[in-house]
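Coordinates in review
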Amino acid sequence: MPMKPNTAVWGALFSACRIHGHAKLGGQVASQLLREEPQNGALYTALMNLYNETGKVDEAEKVKRDMKKSACKKNPGCSVIEVSGACTEFIVGDVSHPQVLQVCSNLSRLAEEICKGTMAFISPIASSCCISNPRELRQLHAHILTMGLFQLEVFLRKIITFCAVTDPCSIEYGRRVLAQIDCPSTYVWNTMVRGYASSPQPLKGIIVYNQMLRRGASPDAYTFPFLLKACSNSLSIHKSREIHCRAVKTGFDWNVYVKNSLIHAYSVAACAHLGSLEQGRWVHSYVQNKNRTLDTRFNSALIDMYCKCGSTERAMLVFKLARNKDVTVWTSLISGLASHGFGRTAIQLFEEMKRSGVAPNDLTLVAVLSACTHAGLVQEGLSIFERIRSEFCIQPKIEHYGCMVDLLGRAGLIMEALSLIESMPMEPNAAVWGALFSACRIHGHAKLGGQVASQLLRDEPQNGALYMALMNLYNETGKVDDAEKVKRDMKKSACKKNPGCSVIEVNGACTEFIVGDESHPQALQVCSNLSRLAEEICKATVLV
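These numbers were taken from a predicted model, which means no experiment stands behind them.

Here we take up the packing of aromatic side chains. Aromatic ring pairs are defined here through the distance separating the ring centres and the angle between the ring planes. Scanning the entire structure with this criterion turns up 4 aromatic pairs. A centroid spacing of 4.9 Å and a plane angle of 75° characterise the contact between F319 and W330, whose relative ring orientation is edge-to-face. Residue F319 is found in helix α16 (residues 312–321), and its partner W330 is found in helix α17 (residues 327–339); the two are separated by 11 residues along the sequence. Under the relative-accessibility criterion, W330 is labelled buried at 4%. One cation-aromatic arrangement involves K325 over F319; the distance from NZ or CZ to the ring centre is 5.2 Å.

The subject of this paragraph is the nonpolar core. Within the largest apolar cluster, 72 residues are counted, with the highest numbers of intra-cluster contacts made by I303, V405, L436 and F437. The contacts of F437, once residues within four sequence positions are left out, are G449, V452, A453, L456, L466, A469, L470 and L473. Of all hydrophobic cores here, the second largest spans 33 residues; its members include I160, F162, V188 and V258.

A few words on the packing of helix α19 (residues 362–375) against helix α21 (residues 398–410). Contact geometry for α19 and α21: axes closest at 9 Å, N-to-C directions at 5°. Judged by the inter-axis angle, α19 sits roughly parallel to α21. Residue-level contacts link D362, L365, V366, L369, S370, C372, T373 and H374 of α19 to E399, H400, C403, M404, D406, L407 and R410 of α21.

Our focus in this paragraph is α17. Between its first and last C-alpha, α17 extends 18 Å over 13 residues, near the 18 Å set by a 1.5 Å rise per residue. Extensive coverage of α17 is indicated by the burial of 10 of its 13 residues. All buried positions along α17 are accounted for by V327, V329, W330, T331, S332, L333, I334, G336, L337 and A338. Backbone geometry just after α17 places G341 at a positive phi near 85°.

The rules we used
- Residues numbered from 1 in each chain as written.
- Predicted model: local features only at pLDDT ≥ 70, side-chain atom pairs only at ≥ 80, totals over all residues.
- Heavy atoms only, no water.
- Phe/Tyr/Trp six-rings, centres within 6.5 Å; stacked < 30°, edge-to-face > 60°.
- Helix = DSSP H or I, 4+ residues; strand = E, 2+ residues; numbered from the N terminus.
- Buried < 20%, exposed > 50% of the residue type's maximum accessible area, 1.4 Å probe, protein only.
- Lys NZ or Arg CZ within 6 Å of the ring centre and 35° of its normal.
- Core = buried A, V, L, I, M, F, W, Y, C linked by side-chain atoms within 4.5 Å.
- Contact = heavy atoms within 4.5 Å.
- Axes fitted to C-alpha atoms, helices over the stretch in contact; angles between N-to-C directions.
- Parallel < 35°, antiparallel > 145°, perpendicular 65-115°, else oblique.
- Expected span 1.5 Å × (residues − 1).

The structure is reproduced here in structure tokens:
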């Protein structure tokens, strides 16, 4: 623009951000406006609503605190009406008008009549209409908005159910609709939790549950199976325990559906987490022997477990026998193959998934880019990254950029990786910087590695592993003085590197060993056997 944009221009952009749920840009625009109008209470309120509608509760609370600090208030709304040629102004909360009681009485009666007429008109539409696509969804929502009924749950249940269950791509739209309801029932909260539990971001279901509790709704017997499904799909044992505790506290742990969900959440996720192949096989055979149908989430968990335990053949067999292969099943196998270095097989599976009519999601693309990274397939990775926008119509997330930085860095294209970071539309996080630092270590880029490590240590000053890695980088590249300085800085920060640990399975029992830990009852026997094993390996190596 040839001139500097004024508040009207910024205000128009902020309104657009509110309508379409662009919280990050909306926050930046609001900050620009508040620099010029620090006492604009209406703007604080609008920004708070934007954050609440997009699930950014912490940011909304911060805006609320900032508004209190600024001691500003939202100007009350006012209306001007003309009766018999005379104009009269009414201000919200003003009771000084001589006919205030008569006006309020008339308005109350009028609102009641309008509400009855509106309910009679739109209730049959909202309850009986069949929404089959997002266009029809928005048409119904538009009718509800124009009637002024956007805060009444009875008219919005069908919209929220469609967004969360029928068309998961619209789930964020449904969440914004939910945020507008005055007092949502447990039913609609459960619907949103259910939708997120089956989505590529299952742990968002737990965030919705926490919002539900903050807004005063109580969980019921249906809430916890959906929450546990979210934990199971994310393979989070920690979250499963947390939800289990909440179920006990609220008295729903007795429910048969909750019990079944707990067994599912703990069993396969625990086997995958511990790398316990024998226990995982037992769970798999137990379910099969009980003649239970293996649904997509159970197949996904089994594939993930077998891959983490190193049995890619069994993972492939589970995949082959799966009746319904949704995006989570495909993604689990692609991710598992990627972690074992089968990059080309993972890419072939990805292309086969597309041909079968299953569209990839964010996690699928992360998995296939990781496959390219582990196998060193730079050109293939660059091609898939370009297709994220052009072919799959997905906006690349920070995880996709992180994979590309890792791919370029491992291939020795350090400056290209740095250029990609600088071109990112979002702020790089510790994982992105960590990938670049690892590349610097592999290829001996001490100067850039030092700069990246300094960036990371500003965010994580107690990260002992990072100090050690930087010290090793300097020693490996002959920069002994710099290594000594890092060693002194590490001592000053009083941080320590967490000891390494290993988990092994013997006769079906998993045992954890931690570096420097002598408390294990068989510590001497283990050390003796390891020493003997190392000796035999050395002898065999000499013979070869």
